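# Coordinate inspection notes
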Amino acid sequence: MNPPDAGARALAQAFLEQTLSAEGNALMLEHATREEVVRRLASAGRAARGGAGTPGARTSPDAAATGPKIAEAPDLETLAALVASCSRCTLHESRKNPVFGEGAADARVVCVGEAPGAREDETGRPFVGRAGHLLDRLLMSIGLPRTSVYICNVLKSRPPRNRDPLPEEVAACAPYLLRQLALIEPEVIIAFGAFAARTLLETKSALGRLRGTVHHYSGYPVVATYHPAALLRNPGWTRPTWEDLQIVRRMLDGVGDREARIG
Ligand code: SF4
């Protein structure tokens, strides 16, 4: 909350309290005239609506007012612009760049990871570096060049020191992912990593229990598998990851959810 807004609210509270308790039309404010109260309340109202020239309007847009804009964004470019100026959670304060996502706007597959890491934060792009190259190879193993899919994260801003995202950060950022999916309308979502899988599927289950079958998020089929960064640390998970991606391939080839799953 910026100082003028806090001051205006305090004055408004004092005004209301005195109005309720005062006899007749008496109004006494210690530090401001009636005109000053009206002026500062009007100024705070413009700030809350994001009015031009209002201090703090660009960097602190009202989160509640931004919500409908997200749901109504007509295309990915408009949505990316909202993310670029987003301050719905405190992660905007520490990020270097927002990482909105990239890929084909009509992709059949959307890959969803947890949150930007250091390289992503530097570049503003999702899944770069060694994990990104491995993701490219995994996707190619089922005939999907990186440019044919859409790649993004649950969170669009990097948590400091790569700490786990907080529930309130996930809740604040979820409307962006939902709108991305609504605009792209993928046939399958691949959740890469335990955090993305648990978040999308709203479960605390281990990734090992979630992979190998088809789940659903907001009406979209979801296949959960290991994050490429985890594969770099544990190459033994490459085989099960490849099997999970085969589920995706079979679904894209027209095999139903139940038939596509492993076993
Ligand atoms: S993580 Fe999402 S909600 Fe939080 S500031 Fe970044 S874009 Fe906004």
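For the structure itself, look to the data block above.
Here we summarise the structure given alongside this text. Bear in mind that the values here come from a model prediction, so they are computed numbers and not experimental data.

What counts, and at which threshold
- Residues numbered from 1 in each chain as written.
- Predicted model: local features only at pLDDT ≥ 70, side-chain atom pairs only at ≥ 80, totals over all residues.
- Helix = DSSP H or I, 4+ residues; strand = E, 2+ residues; numbered from the N terminus.
- Buried ≥ 20, exposed ≤ 12 C-beta atoms within 10 Å, placed from the backbone.
- Contact = placed C-beta atoms within 7 Å.
- Near = placed C-beta within 6 Å.
- Nonpolar A, V, L, I, M, F, W, Y, C, P; charged D, E, K, R; others polar.
- Pairing = 2+ DSSP bridges.
- Axes fitted to C-alpha atoms, helices over the stretch in contact; angles between N-to-C directions.
- Core = buried A, V, L, I, M, F, W, Y, C linked by C-beta atoms within 7 Å.
- Domains from an automatic or database assignment.
- Arc of directions from axis to C-beta.

When helices and strands are counted, the protein chain shows 12 helices and 6 strands. Across the 263 residues of the protein chain, 32% fall into the buried class. Counting contacts in the protein chain only where the partners sit at least 6 residues apart, residues at least 24 apart contribute 69% of the total.

Turning to the site of the ligand, a few remarks are in order. Contacts to the ligand come from 14 residues, most closely from Cys86, Cys89, Lys156, Ser157 and Cys173. The greatest single-element share of the shell around the ligand, amounting to 3 residues, is contributed by helix H7 (residues 167-184). Here the shell around the ligand is composed, by residue class, of 8 nonpolar, 3 polar and 3 charged.

Within a sheet, neighbouring strands are paired by backbone hydrogen bonds and run either parallel or antiparallel to one another. Strand order in this open sheet of 6 strands is E1-E3-E2-E4-E6-E5, and the pairing throughout is mixed. Edge positions in the sheet fall to strand E1 (102-103) and strand E5 (215-217), since each has one partner strand and no second. Examined bridge by bridge, strand E4 (residues 188-192) and strand E6 (residues 220-225) share 4 bridges and lie parallel to one another. Bridging across to E6, Ile189 finds its partner in Val222. In the packing of H7 onto the sheet, contacts are made with strand E2 (109-113), strand E3 (150-153) and E6, and the angle to E3 comes to roughly 170°. Across the sheet, helix H11 (residues 238-252) lies against E2, E4 and E6, angled at about 160° from E6, the strand it touches most.

We now examine the environment of Glu120. Position of Glu120 among the secondary structure elements: in helix H5 (residues 118-123). Distance from Glu120 to Lys156, taken between C-alpha atoms, is 9.9 Å for residues 36 residues apart in sequence. The residues contacting Glu120, other than those within four sequence positions of it, are Val99, Arg125, Pro126, Val128 and Arg158.

So, about unusual backbone geometry. Phi is positive for Phe127, close to 50°, though the residue is something other than glycine. Along the polypeptide, Phe127 turns up in the loop between H5 and helix H6 (129-140). By C-beta crowding, Phe127 is classed as buried, having 27 other C-beta atoms within 10 Å. One non-glycine residue with positive phi stands out, namely Arg161, at about 55°. Relative to the helices and strands, Arg161 resides in the loop between E3 and H7. For Arg161, a count of 7 C-beta atoms within 10 Å translates into the label exposed.

Turning next to the nonpolar core. Core analysis: the largest hydrophobic core is formed by 53 residues, its most contacted members being Val110, Val112, Ile190 and Ala191. Split by domain, the residues of this core number at least three in each of domain 1 (6-88) and domain 2 (102-260). If near-sequence neighbours (up to four positions away) are discounted, Ala191 is found in contact with Val112, Ala196, Ala197, Leu200, Val222 and Ala224.

For His227, the position within the fold is in the loop between E6 and helix H10 (228-233). A tally of 24 C-beta atoms within 10 Å means that His227 is categorised as buried. Between the C-alpha atoms of His227 and Phe195, which are 32 residues apart in sequence, the distance is 9.5 Å.

Along the polypeptide, Gly113 turns up in strand E2. Separated by 82 residues in sequence, Gly113 and Phe195 have C-alpha atoms that sit 7.9 Å apart. In this structure, Gly113 is in contact with Pro126, Phe127, Asn153, Phe192, Gly193, Ala196 and His227, ignoring residues within four places of it in sequence.

This next bit is on helix H4 (residues 76-84). Buried residues of H4: Leu79, Leu82 and Val83, and no others. One face of H4 carries all of its buried residues, which in axial projection span an arc of 100°.

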